[in-house]
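Structure at a glance
Single-letter residue listing:
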Amino acid sequence: DAKTTQPPSMDCAEGRAANLPCNHSTISGNEYVYWYRQIHSQGPQYIIHGLKNNETNEMASLIITEDRKSSTLILPHATLRDTAVYYCIVRVENNAGNMLTFGGGTRLMVKP
Amino acid sequence: GAVVSQHPSRVICKSGTSVKIECRSLDFQATTMFWYRQFPKKSLMLMATSNEGSKATYEQGVEKDKFLINHASLTLSTLTVTSAHPEDSSFYICSAPLASVAKNIQYFGAGTRLSVL
């Protein structure tokens, strides 16, 4: 699996957009970019994923560069409840038996 | 969305005792489930892959006799920490993929915090 690089921590003001970057320069053509987050003392939660097109859902937007070597997760209006560790993971989307490999993630602190 | 239930959420036990943690997929079937371990301020580390109807697959360095995994049905996997010691104290998390959607969307339990005295 392609390795990802994320900043260890970021701060964001409540109500502002949080933009979380992820570098995955060795990503393969068939690997998707997945984002999960883990709120303190809880299990991780799926946020969004994509291959090459930008994606948006009720939680966030995912912007993937044209060369697919990096991506940005955008939380458009961050709230205090968005304070969590955000993990960027690249994986081939094949059968359901593949585990996820978590890196260090980015610890996002949303401040009032 | 899909729900994975993990029980208990917290357990405190004496050294030498065994602790069983259950992981259930509530509204879908999971032939595969995963067990992770997480130390404070660290990332999740995969311990083993639980396979319904066959033996679990353990990651390198994880003692299979110490961490017994049983995937009894398509909705239940259990992790038993045998003869627990203080160094086994950790946050244990299970997950299951929902095969009907994108294959690498995993649904996670809320985790079990184990404290061994």
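All of these numbers come straight from a predicted model, not from anything done at the bench.

The rules behind the values
For every chain, the first residue of the written sequence is number 1, and numbering continues from 1 along that sequence. Chains and ligands are labelled by the order in which they are written, letters from A for the one and numbers from 1 for the other. With the structure being a predicted model, the display of local features is reserved for residues of pLDDT at least 70 and the display and counting of side-chain atom pairs for 80 or more, all residues being used for whole-chain, interface and lining totals. Hydrogens and waters are ignored; side-chain quantities use all the structure's heavy atoms. When the centres of two rings from Phe, Tyr and Trp lie within 6.5 Å, Trp using its six-membered ring, the rings pair. Their planes under 30 degrees apart give stacked, over 60 give edge-to-face, and anything left gives tilted. Only runs of H or I of at least four residues qualify as helices and only runs of E of at least two qualify as strands under DSSP, and these elements are numbered from the N terminus. Relative accessibility thresholds used throughout: buried, under 20% of the residue-type maximum; exposed, over 50%; partly exposed, between the two (1.4 Å probe, protein chains only). By this definition, two strands are paired if DSSP reports at least two bridges between them. Salt bridge, as used here, is a side-chain nitrogen of Lys or Arg placed within 4 Å of a carboxyl oxygen of Asp or Glu. What counts as an axis is a line fitted to C-alpha atoms, over the stretch in contact for a helix, and the angles between N-to-C directions run from 0 to 180 degrees.

**Here we look at the packing of aromatic side chains**
Using the criterion set out here, one finds 10 aromatic pairs over all chains in the structure. Between the aromatic rings of Phe102 of chain A and Phe108 of chain B, the centroid separation amounts to 5.9 Å while the plane-to-plane angle is 75°, which identifies the pairing as edge-to-face. Here the residue Phe102 of chain A occupies a position in the loop between strand S8 (84-92) and strand S9 (106-111), and Phe108 of chain B occupies one in strand S10 (residues 106-108), the pair thus bridging two chains. You can call Phe102 of chain A buried: its relative accessible area is 7%. Pairwise contacts between aromatic rings join Tyr36, Tyr46, Tyr87 and Phe102 of chain A together with Tyr36 and Phe108 of chain B into one cluster.

**Considering the sheet that holds strand S5 (residues 55-56) of chain A**
Strand-to-strand pairing in sheets goes through backbone hydrogen bonds, with the strands running parallel or antiparallel. Residue and element names in this part refer to chain A. The antiparallel open sheet is built from 4 strands, whose spatial order is S2-S7-S6-S5. Both outer strands of the open sheet, strand S2 (18-23) and S5, are each paired with one neighbouring strand and no more. Pairing between S2 and strand S7 (residues 70-75): 6 bridges, direction antiparallel. Residue pairing in the sheet places Asn23 in a bridge with Ser70 of S7.

**A closer look at the environment of Lys55 of chain B**
If you trace the backbone, Lys55 of chain B turns up in the loop between strand S5 (45-51) and strand S6 (57-58). Separated by 15 residues in the primary sequence, Lys55 of chain B and Asn70 of chain B place their C-alpha atoms 7.8 Å from one another.

**Quick word on the pattern of salt bridges**
Residue and element names in this part refer to chain A. The full count for this structure, using the stated rule, is 4 salt bridges over all chains. Notably, a salt bridge pairs Lys111 with Asp11, separated by 3.1 Å at the nearest N-O pair. Placement of the pair is Lys111 in strand S9 and Asp11 in strand S1 (residues 9-13), with a sequence separation of 100 residues.

**Quick look at the sheet that holds S1 of chain A**
All names here are of chain A. One open sheet holds the 5 strands; their spatial order is S1-S9-S8-S3-S4, and the pairing between them is mixed. The outermost strands of the open sheet, each flanked by one partner alone, are S1 and strand S4 (45-50). When strand polarity is set aside, the average angle formed by the axes of neighbouring strands in this sheet is 25°. With 8 bridges joining them, strand S3 (residues 31-38) and S8 adopt antiparallel strand pairing. The residue bridging Gln38 from the neighbouring strand is Val85, located in S8.

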